[in-house]
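Inside the fold
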Amino acid sequence: MDGADKTLPARSYEALRRQLQQDVRAMIEQRVNNDRGNLTVHELTDEKFLCALDAYRKYYAARDVRQRYLETGELDSDGFHCRYVSEGWTEDSFLSYIADPLAYAEQEAERYWSENQEAMYLQFLEQDARDAEQAAIAENPQNPVHIVRQIMAVMNSSGAKTVNVTVRKDGKELTFKTETGDLRRDCTGGYSHWHMIAADRRRFFECFGRNAEYKPEEILRITYGRSILYEANG
């Protein structure tokens, strides 16, 4: 190790483990080439994976697509990404890797390839579920998620701590002042009245009831001082 002090951080257990993981994933992704036809398995038979797919379709696909769209604005396929995770080093495996990193990575890639065909095929079926959710959003300009994303984008680029929000709800229109925290993130369904200033919260209760919230599609405009930060189309 004489004279190697500058390289020691890159040669630590964790750093080398991350490098192995990165290399094996790259090898698998190159072999798959984002094409399920390159796998040796073309249907799920393991009950564990069948249950996982059913749960993903029911509970997680829509959530994952919504989150990605709100964060990135993208509604396209994200492709296959290898999920290989390297195990903790033993003394023998660590020494073997140091002696020949490429050979060790190739051996791990071959092991992962032979043992995880059905798991990798599951990833393509999960992508099919996301593609269906993405298409549903892209083909429906009235989906409230488009409004949520517009509001999040303008609010996250604004330094405002409070804004004035005008809503039209149940045929009635009301303007109130609210903190911006809720408007900077996904509201999932509606925005809470608890972030309004106290006087405006009382007016909101009087107008819409104590258990009411306001939905993205009910917002007409959001203003900060004289600036209009958001205004509903039409």
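As shown above, the structure is provided for reference.
Now for a quick tour of the structure. Owing to the predicted nature of the structure, the values given are computational and were not obtained by experimental measurement. Chains are numbered independently. Their residues run from 1 in the order of the written sequence. Totals for whole chains, interfaces and linings use all residues, but because this is a predicted model, local features are given only for residues with pLDDT of at least 70 and pairs of side-chain atoms are given and counted only at 80 or more. To get the side-chain values, take all heavy atoms of the structure and skip hydrogens and water.

**Some words on the layout of surface pockets**
Buriedness of a pocket was judged along seven lines, with at least five required to meet protein on both sides within 12 Å; pockets are open sets of points on a 1 Å grid over the protein atoms alone, cavities are sets where a 1.4 Å probe fits but cannot get out, and lining residues have an atom within 4 Å of a point. Grid points are joined across faces, edges and corners, and a volume is the space filled by probe spheres set on the points. Of the voids in this model, the largest pocket is the one considered here, and its volume is about 350 Å³. Lining the largest pocket are 16 residues, and of these Ile-147, Glu-217, Tyr-230, Ala-232 and Asn-233 sit closest to its centre. Under the DSSP-based scheme used, a helix requires at least four consecutive residues in state H or I and a strand at least two consecutive residues in state E, with every element numbered from the N terminus. The set of elements that each furnish at least two residues to the lining of the largest pocket consists of α6 (144-156), β3 (219-224) and β4 (227-231). Looking at the lining of the largest pocket element by element, the count peaks at 3 residues for β3.

**Section: the packing of aromatic side chains**
Any two rings among Phe, Tyr and Trp, with Trp reduced to its six-membered ring, count as a pair given centres within 6.5 Å; such a pair is stacked if its planes are under 30 degrees apart, edge-to-face if over 60, and tilted if neither. Tallied over the entire structure, the rule returns 15 aromatic pairs. Seen from their ring centres, Phe-80 and Phe-124 are 5.4 Å apart, and the 10° between their planes marks the pair as stacked. One end of the pair, Phe-80, is in the loop between α2 (47-72) and α3 (91-99); the other, Phe-124, is in helix α5 (residues 117-138), with 44 residues separating them in the sequence. With a relative accessible area of 8%, Phe-80 lands in the buried category. Seen from their ring centres, Trp-89 and Tyr-104 are 5.9 Å apart, and the 50° between their planes marks the pair as tilted. Burial here depends on accessible area, computed with a 1.4 Å probe over protein chains only, as a share of the maximum for the residue type. Under 20% is buried, over 50% is exposed, and the range in between is partly exposed.

**Side note on the sheet that holds strand β2 (residues 172-179)**
Spatial strand order, β2-β1-β3-β4: 4 strands in an open sheet with antiparallel pairing. Looking at the sheet topology across the chains shown, the edges are occupied by β2 and β4. Sheet twist, expressed as the mean angle between neighbouring strand axes with direction ignored, is 20°. The criterion for strand pairing is that DSSP finds at least two bridges linking the strands in question. Here 8 bridges tie strand β1 (residues 162-169) to β2, and the two strands are oriented antiparallel to one another. Its bridge partner being in β2, Lys-169 is matched across the sheet by Lys-172. Contacting β1, β3 and β4, α6 crosses the sheet at an angle of about 155° to β4. We call two residues in contact whenever any of their non-hydrogen atoms come within 4.5 Å of each other. Geometry is summarised by axes, namely lines fitted to C-alpha atoms with helices restricted to the contacting stretch, and by angles between N-to-C directions that run from 0 to 180 degrees. Its contacts with the sheet place helix α7 (residues 198-208) against β1 and β2, and it is angled at close to 150° to β2.

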